[in-house]
Amino acid sequence: YLVIFDSDRQQLELQMHDVISTLEATDLPVRRLDDRDLALFLKYTNQIDFREDEVDALARQDYVQWAQPNTVDIKRRTVVVNQMITHNFMVNHYPTMVGDSWLASVMSMPNTKVVVKCRPMDRLKAIRNIDRSLQELRGQYTSTGVDSRRVSLAEHIETLSHLLSMLQSASETLLETNIYVTAYDIAATRANMKIIQPPQSLRRNIPNCGHICLCRMK
């Protein structure tokens, strides 16, 4: 699913049409979610076990309340959502070079939710940030005597220098990207008798979505 955020509704609609046109031009099937599908999407972001036909018995104004989790218990190392223990991670080190769909294997894991948040960065701000990072890395390179560390820093400097060259010579856009992973720990939930046990899973195998759905959120 692709979710597009904007505080201006008119601008949001324009972005939606641009994204749909771009994806359709690459022969990717695209479907924009209606109110019912959006409620189901939001429900799946909060839990993995429910009957989809529940939404058909609701009035439209009740969709938001239905999609929200019933209980959220934030602990030191886990978060318990609707009596289900979840482990949450954030990716903080990225490979220097990646191929297409390099995160697909993580996104395809069962009982796992992956959220990738992207926000365009101002071009001048991005250049300043890269300049600052290059200065720090070059300082670290000259101050260290460990060969393995020097090799790692040299690769990082080369990558950032290439990115800086692209930003200065072309109309490239740099994205501020964060990746969050939520793993639903069914085994730990069943083993913890202090938790009110959730009902048996309705879905042992969660099918992968075969098409791209677009959501708009304000």
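These remarks concern the structure in this document. (Residues numbered from 1 in each chain as written. Predicted model: local features only at pLDDT ≥ 70, side-chain atom pairs only at ≥ 80, totals over all residues. Heavy atoms only, no water.)

## Topic: the sheet that holds strand β3 (residues 72-74)
Taking strand neighbours across the sheet as the criterion, the 5 strands line up as β3-β4-β5-β7-β6 in an open arrangement whose pairing is antiparallel. Lying at the two open borders of the sheet, with one neighbouring strand each, are β3 and β6 (112-120). Strand-to-strand twist across the sheet, computed as the mean angle between neighbouring axes with direction ignored, equals 25°. (Pairing = 2+ DSSP bridges. Helix = DSSP H or I, 4+ residues; strand = E, 2+ residues; numbered from the N terminus. Axes fitted to C-alpha atoms, helices over the stretch in contact; angles between N-to-C directions.)

## A short note on unusual backbone geometry
One non-glycine residue with positive phi stands out, namely Asn82, at about 50°. Here Asn82 falls in the buried class, since its relative accessible area comes to 12%. Within the chain, Ser101 stands out as a residue other than glycine whose phi angle is a positive 55°. Mapping Ser101 onto the fold places it in the loop between β5 (84-91) and α4 (104-107). (Buried < 20%, exposed > 50% of the residue type's maximum accessible area, 1.4 Å probe, protein only.)

## A word on helix α1 (residues 9-25)
Residue pairs three or four apart in sequence face the same way in an α-helix, which turns once every 3.6 residues. Its 17 residues give α1 an end-to-end C-alpha distance of 24 Å, which sits within 8% of 24 Å, the value for a rise of 1.5 Å per residue. Among the residues of α1, the N-terminal cap falls to Asp8, whose side-chain oxygen and the backbone nitrogen of Gln10 are separated by 3.0 Å. (Expected span 1.5 Å × (residues − 1). Polar contact = N/O pair within 3.5 Å; in protein donor to acceptor, adjacent residues only side chain to side chain.)

## Focus: the packing of aromatic side chains
The geometry of an aromatic ring pair comes down to the distance between the two centres and the angle between the two planes. Under the criterion given, the structure shown has 3 aromatic pairs. Note on Tyr1 and Phe41: the rings are 4.9 Å apart at their centroids and 45° apart in plane angle, and the pair reads as tilted. With Tyr1 in the segment before β1 (2-5) and Phe41 in helix α2 (residues 35-46), this pair connects stretches of sequence that are 40 residues apart. Residue Tyr1 is classed as exposed on the basis of its relative accessible area of 51%. With a centroid separation of 4.6 Å and 50° between ring planes, the pair formed by Tyr44 and Phe50 is classed as tilted. With relative accessibility at 26%, the residue Tyr44 sits in the partly exposed group. Joined through ring pairs, the aromatic side chains of Tyr44, Phe50 and Trp66 make up one cluster. A cation over an aromatic ring shows up here: Lys43 above the ring of Trp66, its NZ or CZ 4.8 Å from the ring centre. A cation over an aromatic ring shows up here: Arg150 above the ring of Tyr141, its NZ or CZ 4.2 Å from the ring centre. (Phe/Tyr/Trp six-rings, centres within 6.5 Å; stacked < 30°, edge-to-face > 60°. Lys NZ or Arg CZ within 6 Å of the ring centre and 35° of its normal.)

## With respect to the packing of helix α5 (residues 123-143) against helix α6 (residues 147-169)
At a minimum axis separation of 10 Å, α5 and α6 run at an interaxial angle of 160°. Classified by the interaxial angle, the pair formed by α5 and α6 is roughly antiparallel. Here α5 and α6 pass one another in a crossing that is left-handed. Along its contact with α5, which presents Arg123, Ala126, Ile127, Ile130, Asp131, Ser133, Leu134, Leu137, Arg138, Gln140 and Tyr141, the element α6 presents Arg149, Arg150, Leu153, Ala154, His156, Ile157, Leu160, Ser161, Leu163, Leu164, Leu167 and Gln168. Classifying every residue of the contact of α5 with α6 by side-chain character gives 13 nonpolar, 5 polar and 5 charged. (Parallel < 35°, antiparallel > 145°, perpendicular 65-115°, else oblique. Left-handed = near helix turned anticlockwise from the far one by under 90°. Contact = heavy atoms within 4.5 Å. Nonpolar A, V, L, I, M, F, W, Y, C, P; charged D, E, K, R; others polar.)

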